[in-house]
Amino acid sequence: DGNHLSDPSLEGEARAMKKSLEEANIDFADIQYINTHGTSSPLGDETELAAIKAVFKNQVKNIYINSTKSMIGHCIYSAGIIELIATVLQMNESFLHPNLNLDEPIDSDFLFVDKQIKKVSIEYALKNSFGFGGMNSSIVLKKFLGENYL
């Protein structure tokens, strides 16, 4: 979105999520889990949650949310791919990893995964990666239900 270097854009993040849903040809209500960018910076987290709420409205109370960075830190350029791998592993193994150090969520409308692993089957997930200067990306993932893996 070309926004200021360290000032996240609610509109740009929401646009990335909406575009990924459109390209995947699924309804926002199909998403069961969002692996957030979630850096634990107040401005970044507040903006991401506001963007998620702008896209998913009241459905946010039914979508599990966690951040892989709570366990591994910020891996800079490789963060997105590591978090994508974490999302696929969670979907394939029917669990959600904890949100470590999440003591006081900044918005009680959301279904945050707490400090314990949650056993849950996820068919559709959304992975967000939002970078400095408005380099925003979101990808929709669908669990592969076939028997043969390539």
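Residues numbered from 1 in each chain as written. Predicted model: local features only at pLDDT ≥ 70, side-chain atom pairs only at ≥ 80, totals over all residues. Heavy atoms only, no water.

**Q** I keep staring at helix H1 (residues 10-24) and nothing clicks. Help me out?
**A** Within an α-helix, residues lying three or four positions from one another point in the same direction, as the helix has 3.6 residues per turn. Its 15 residues give H1 an end-to-end C-alpha distance of 21 Å, which sits within 8% of 21 Å, the value for a rise of 1.5 Å per residue. Residues Gly12, Glu13, Ala14, Ala16, Met17, Ser20 and Leu21 constitute the buried set of H1. Buried residues in H1 make contact with helix H2 (42-56), strand S6 (124-131) and strand S7 (135-142). Residue Asn25 follows H1 closely and has a positive phi angle near 60 degrees. (Helix = DSSP H or I, 4+ residues; strand = E, 2+ residues; numbered from the N terminus. Expected span 1.5 Å × (residues − 1). Buried < 20%, exposed > 50% of the residue type's maximum accessible area, 1.4 Å probe, protein only. Contact = heavy atoms within 4.5 Å.)

**Q** Mind showing me how you'd approach the pairing of S6 here?
**A** In terms of residue burial, S6 counts as a mostly covered element, since seven of its eight residues are buried. As judged from the three bridges shared by strand S1 (residues 33-35) and S6, these two strands associate in the parallel manner. Paired with Ile34 across the bridge in S6 is Leu126. The pairing of S6 with S7 spans eight bridges and is classified as antiparallel. From the neighbouring strand, Ala125 faces S7, where its bridge partner is Leu141. (Pairing = 2+ DSSP bridges.)

**Q** Help me out: how do you make sense of the pattern of salt bridges in this one?
**A** Between side chains of opposite charge, pairing is possible as soon as their charged atoms come close. Counted under the stated rule, the structure contains six salt bridges. The partner of Lys127 in a salt bridge is Glu83, with the nearest N and O atoms 2.7 Å apart. Of the two residues, Lys127 is situated in strand S6 and Glu83 in helix H4 (residues 79-93); the sequence distance between them amounts to 44 residues. The burial state of Lys127 is the same as that of Glu83; both residues are buried. Between Lys115 and Asp103 there is a salt bridge, with the nearest N and O atoms lying 2.4 Å from each other. Of this pair, Lys115 sits in the loop between strand S4 (111-112) and strand S5 (118-119) while Asp103 sits in the loop between strand S3 (95-96) and S4, and the two are twelve residues apart along the sequence. Assessed through its relative accessible area of 38%, Lys115 is described here as partly exposed. The network of salt bridges with shared partners includes Lys53, Asp107 and Asp109. (Salt bridge = Lys/Arg side-chain N within 4 Å of Asp/Glu carboxyl O.)

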